[in-house]
Amino acid sequence: MPDLAITFVSTSLDDPVAQQIHARYLLDIETRYGTGPGDVPSHEFDEPAGQFVIARNGAVVVGCAGIRRRTDRVAELKRMYVVPEARGLGVARSMLTHLEAVARRMGYTEVWLETGTEQPEAMSLYDSSGYLPIAPYGAFRDSPLNRCYGKELDSPVGVPPVS
(Lines give C-alpha, C1' and ligand atoms only; values in the text may rest on other atoms or scores of the structure.)
Protein backbone atom coordinates (compact mmCIF):
# COMPACT_ATOMS: atom_id res chain seq x y z
CA MET A 1 0.00 0.00 0.00
CA PRO A 2 2.26 2.83 -1.23
CA ASP A 3 1.95 6.56 -0.53
CA LEU A 4 -0.08 6.63 2.66
CA ALA A 5 -2.26 9.67 3.21
CA ILE A 6 -4.12 8.66 6.37
CA THR A 7 -7.13 10.65 7.48
CA PHE A 8 -9.51 9.99 10.34
CA VAL A 9 -13.27 10.28 10.06
CA SER A 10 -15.37 10.46 13.20
CA THR A 11 -18.49 8.37 12.77
CA SER A 12 -21.04 6.31 14.59
CA LEU A 13 -20.25 2.67 15.12
CA ASP A 14 -23.70 2.06 13.62
CA ASP A 15 -22.63 3.65 10.31
CA PRO A 16 -22.51 1.01 7.51
CA VAL A 17 -18.86 1.76 6.65
CA ALA A 18 -17.89 1.53 10.33
CA GLN A 19 -19.86 -1.70 10.63
CA GLN A 20 -17.88 -3.23 7.74
CA ILE A 21 -14.45 -2.49 9.22
CA HIS A 22 -15.69 -3.40 12.70
CA ALA A 23 -16.83 -6.79 11.34
CA ARG A 24 -13.27 -7.38 10.11
CA TYR A 25 -11.99 -6.52 13.59
CA LEU A 26 -14.42 -8.99 15.20
CA LEU A 27 -13.35 -11.76 12.81
CA ASP A 28 -9.67 -11.05 13.56
CA ILE A 29 -10.26 -11.30 17.32
CA GLU A 30 -12.32 -14.47 16.96
CA THR A 31 -9.61 -16.02 14.79
CA ARG A 32 -6.89 -15.16 17.31
CA TYR A 33 -8.73 -16.10 20.51
CA GLY A 34 -11.53 -18.45 19.46
CA THR A 35 -14.11 -16.04 20.88
CA GLY A 36 -15.30 -12.50 20.37
CA PRO A 37 -14.22 -9.47 22.41
CA GLY A 38 -17.57 -8.95 24.10
CA ASP A 39 -20.23 -6.37 23.37
CA VAL A 40 -19.78 -2.63 23.59
CA PRO A 41 -22.94 -0.57 23.06
CA SER A 42 -22.36 1.70 20.07
CA HIS A 43 -23.64 4.78 21.92
CA GLU A 44 -20.64 4.57 24.29
CA PHE A 45 -18.49 5.87 21.42
CA ASP A 46 -20.70 8.93 20.89
CA GLU A 47 -19.53 12.42 21.76
CA PRO A 48 -19.17 14.17 24.09
CA ALA A 49 -17.77 11.26 26.14
CA GLY A 50 -16.36 9.12 23.33
CA GLN A 51 -15.52 8.93 19.67
CA PHE A 52 -15.24 6.22 17.03
CA VAL A 53 -13.02 6.83 14.01
CA ILE A 54 -12.30 5.05 10.80
CA ALA A 55 -8.89 5.48 9.22
CA ARG A 56 -8.75 6.00 5.48
CA ASN A 57 -5.93 5.98 3.00
CA GLY A 58 -7.58 8.08 0.34
CA ALA A 59 -10.93 6.40 -0.23
CA VAL A 60 -9.83 3.04 1.21
CA VAL A 61 -10.79 2.19 4.80
CA VAL A 62 -7.68 0.80 6.52
CA GLY A 63 -8.62 0.74 10.20
CA CYS A 64 -10.81 1.75 13.08
CA ALA A 65 -10.68 2.48 16.80
CA GLY A 66 -12.67 4.28 19.43
CA ILE A 67 -12.50 5.76 22.87
CA ARG A 68 -15.21 5.71 25.48
CA ARG A 69 -15.62 7.06 28.98
CA ARG A 70 -14.45 4.76 31.75
CA THR A 71 -14.40 7.40 34.52
CA ASP A 72 -14.34 11.18 34.55
CA ARG A 73 -10.54 10.99 34.21
CA VAL A 74 -10.07 7.80 32.18
CA ALA A 75 -10.89 7.14 28.53
CA GLU A 76 -10.75 3.55 27.35
CA LEU A 77 -9.36 2.67 23.93
CA LYS A 78 -11.43 -0.02 22.22
CA ARG A 79 -11.70 -1.79 18.89
CA MET A 80 -8.26 -0.79 17.53
CA TYR A 81 -7.82 -2.56 14.19
CA VAL A 82 -5.75 -2.13 11.04
CA VAL A 83 -6.35 -4.23 7.91
CA PRO A 84 -3.52 -6.72 7.24
CA GLU A 85 -2.41 -5.04 4.03
CA ALA A 86 -1.80 -1.74 5.90
CA ARG A 87 -0.01 -3.18 8.95
CA GLY A 88 3.53 -2.09 9.65
CA LEU A 89 3.02 1.24 7.88
CA GLY A 90 2.29 3.43 10.91
CA VAL A 91 -1.51 3.47 10.67
CA ALA A 92 -2.08 2.14 14.19
CA ARG A 93 0.48 4.51 15.74
CA SER A 94 -1.10 7.46 13.93
CA MET A 95 -4.59 6.39 15.03
CA LEU A 96 -3.41 5.97 18.63
CA THR A 97 -1.84 9.44 18.63
CA HIS A 98 -5.00 10.92 17.14
CA LEU A 99 -7.28 9.30 19.74
CA GLU A 100 -4.99 10.34 22.60
CA ALA A 101 -5.36 13.93 21.37
CA VAL A 102 -9.14 13.52 21.19
CA ALA A 103 -9.13 12.14 24.75
CA ARG A 104 -7.14 15.18 25.96
CA ARG A 105 -9.58 17.52 24.23
CA MET A 106 -12.45 15.73 25.99
CA GLY A 107 -10.77 16.33 29.35
CA TYR A 108 -9.44 12.84 30.06
CA THR A 109 -6.08 12.55 31.81
CA GLU A 110 -5.46 8.85 31.22
CA VAL A 111 -6.12 6.20 28.58
CA TRP A 112 -6.58 2.55 29.50
CA LEU A 113 -6.92 -0.43 27.20
CA GLU A 114 -7.15 -4.20 27.11
CA THR A 115 -5.32 -6.36 24.60
CA GLY A 116 -4.00 -9.88 24.74
CA THR A 117 -1.08 -12.18 24.26
CA GLU A 118 -2.35 -13.22 20.82
CA GLN A 119 -1.80 -9.64 19.63
CA PRO A 120 1.96 -9.19 20.08
CA GLU A 121 2.04 -6.37 17.53
CA ALA A 122 -0.49 -4.43 19.63
CA MET A 123 1.49 -4.98 22.83
CA SER A 124 4.63 -3.78 21.04
CA LEU A 125 2.82 -0.64 19.84
CA TYR A 126 1.55 0.19 23.32
CA ASP A 127 4.93 -0.52 24.94
CA SER A 128 6.69 1.78 22.46
CA SER A 129 4.02 4.50 22.87
CA GLY A 130 4.52 4.99 26.61
CA TYR A 131 1.80 2.66 27.90
CA LEU A 132 2.57 0.74 31.07
CA PRO A 133 1.01 -2.47 32.40
CA ILE A 134 -1.88 -1.88 34.81
CA ALA A 135 -4.00 -4.20 36.93
CA PRO A 136 -6.35 -6.35 34.87
CA TYR A 137 -9.89 -5.02 34.53
CA GLY A 138 -12.94 -5.68 32.41
CA ALA A 139 -14.73 -8.84 31.36
CA PHE A 140 -11.51 -10.74 30.60
CA ARG A 141 -9.53 -9.66 33.69
CA ASP A 142 -9.16 -13.25 34.88
CA SER A 143 -7.96 -14.60 31.54
CA PRO A 144 -4.27 -15.52 31.38
CA LEU A 145 -4.28 -14.09 27.84
CA ASN A 146 -5.44 -10.63 28.98
CA ARG A 147 -3.02 -7.69 29.15
CA CYS A 148 -4.06 -4.23 30.32
CA TYR A 149 -2.18 -1.00 29.79
CA GLY A 150 -2.54 2.62 30.84
CA LYS A 151 -0.98 5.93 29.98
CA GLU A 152 -1.10 9.31 31.68
CA LEU A 153 -1.78 12.01 29.13
CA ASP A 154 0.09 15.28 29.13
CA SER A 155 -1.67 18.65 29.09
CA PRO A 156 -4.45 19.31 26.58
CA VAL A 157 -3.45 20.16 23.03
CA GLY A 158 -5.35 21.17 19.95
CA VAL A 159 -6.82 18.42 17.84
CA PRO A 160 -7.12 18.75 14.08
CA PRO A 161 -10.77 18.69 13.03
CA VAL A 162 -12.19 15.40 11.82
CA SER A 163 -14.46 15.26 8.84
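Residues numbered from 1 in each chain as written. Predicted model: local features only at pLDDT ≥ 70, side-chain atom pairs only at ≥ 80, totals over all residues. Heavy atoms only, no water.

Participant: Sorry if this is basic, but what is going on with the layout of surface pockets here?
Facilitator: Unfilled space is identified by rolling a water-sized probe across the atoms. Size it by volume and the largest pocket reaches roughly 830 Å³. Taken together, 37 residues line the largest pocket, and the ones lying closest to its centre are Ile29, Met80, Thr115, Gln119 and Ala122. Counting residues per element, the ones that place at least two in the lining of the largest pocket are helix H1 (16–33), strand S4 (74–82), helix H2 (91–105), strand S5 (110–116) and helix H3 (120–128). For the lining of the largest pocket, a count of residues per class yields 18 nonpolar, 11 polar and 8 charged. (1 Å grid on protein atoms, 1.4 Å probe; cavity = no way out; pocket = protein on both sides within 12 Å on 5 of 7 lines; lining within 4 Å. Points joined across faces, edges and corners; volume = space filled by probe spheres on them. Helix = DSSP H or I, 4+ residues; strand = E, 2+ residues; numbered from the N terminus. Nonpolar A, V, L, I, M, F, W, Y, C, P; charged D, E, K, R; others polar.)

Participant: Honestly, the pattern of salt bridges in this entry has me stumped. Any pointers?
Facilitator: When the charged atoms of two side chains lie near each other, side chains of opposite charge can form a pair. One pass over the full model with this rule turns up 13 salt bridges. When the shortest N-O distance is used, the salt bridge between arginine 32 and glutamate 121 registers 2.7 Å. One end of the pair, arginine 32, is in helix H1; the other, glutamate 121, is in helix H3, and 89 residues separate them in sequence. Residue classification places arginine 32 among the partly exposed positions, given a relative accessible area of 21%. Judged by its relative accessible area of 40%, glutamate 121 falls in the partly exposed class. Residue lysine 151 is joined to glutamate 100 by a salt bridge in which the shortest nitrogen-to-oxygen separation is 3.3 Å. Taken together, the positions of lysine 151 in strand S7 (residues 146–152) and glutamate 100 in helix H2 put the pair 51 residues apart, joining distant regions of the chain. Taking relative accessible area as the criterion, glutamate 100 reaches 6% and is therefore assigned buried. Ionic contacts of the salt-bridge type, sharing partners, join the residues Glu44, Arg68, Glu76, Lys78 and Glu114 into one network. (Salt bridge = Lys/Arg side-chain N within 4 Å of Asp/Glu carboxyl O. Buried < 20%, exposed > 50% of the residue type's maximum accessible area, 1.4 Å probe, protein only.)

Participant: Sorry, what's going on with the sheet that holds strand S2 (residues 51–57) here?
Facilitator: Here we have 7 strands laid out as an open sheet, ordered S1-S2-S3-S4-S5-S7-S6, and mixed in their pairing. The two strands at the open ends of the sheet, each matched to only one other strand, are strand S1 (6–11) and strand S6 (132–133). Strand direction decides the pairing type here: S5 and S7, joined by 7 bridges, are antiparallel. Bridging from a neighbouring strand, valine 111 pairs with lysine 151 of S7. Of the strands in this sheet, S4, S5 and S7 touch H3, which is tilted by about 155 degrees from S5. (Pairing = 2+ DSSP bridges. Contact = heavy atoms within 4.5 Å. Axes fitted to C-alpha atoms, helices over the stretch in contact; angles between N-to-C directions.)

Participant: Explain H2 here, please?
Facilitator: Two residues of an α-helix separated by three or four positions point the same way, owing to the 3.6 residues in each turn. The end-to-end C-alpha separation of H2 is 21 Å, in line with the 21 Å expected for 15 residues at 1.5 Å each. If you check which residues of H2 are buried, you get Val91, Met95, Leu96, His98, Leu99, Glu100, Ala101, Val102, Ala103 and Arg104. Positive phi appears at glycine 107, one or two residues downstream of H2, with a value of about 95 degrees. (Expected span 1.5 Å × (residues − 1).)

Participant: It is not clear to me how the confidence of the model for the protein chain should be interpreted in this structure. Could you clarify?
Facilitator: Averaged over every residue, the pLDDT of the protein chain is 92; the share at 70 or more is 93%. Per-residue pLDDT stays below 50 along residues 156–163; that stretch engages in 13 contacts with residues further than four places along the chain or on separate chains. (pLDDT = per-residue confidence, 0-100.)

Participant: What is the right way to look at the packing of H2 against H3 in this model?
Facilitator: Describing two packed helices takes the angle between their axes plus the distance from one axis to the other. The geometry of H2 relative to H3 is characterised by a closest axis approach of 11 Å and an angle of 50 degrees between their N-to-C directions. The angle between the axes of H2 and H3 places the two elements in the oblique class. Crossing geometry of H2 relative to H3 is assigned as right-handed. Every residue of H3 that contacts H2 at Ala92, Arg93 and Leu96 is listed here: Leu125, Tyr126 and Ser128. (Parallel < 35°, antiparallel > 145°, perpendicular 65-115°, else oblique. Left-handed = near helix turned anticlockwise from the far one by under 90°.)

Participant: Would you explain the environment of tyrosine 25 in this entry?
Facilitator: With respect to the secondary-structure elements, tyrosine 25 resides in helix H1. Each residue touching tyrosine 25, except ones within four places of it in the same chain, is listed here: Pro37, Arg79, Met80 and Tyr81.

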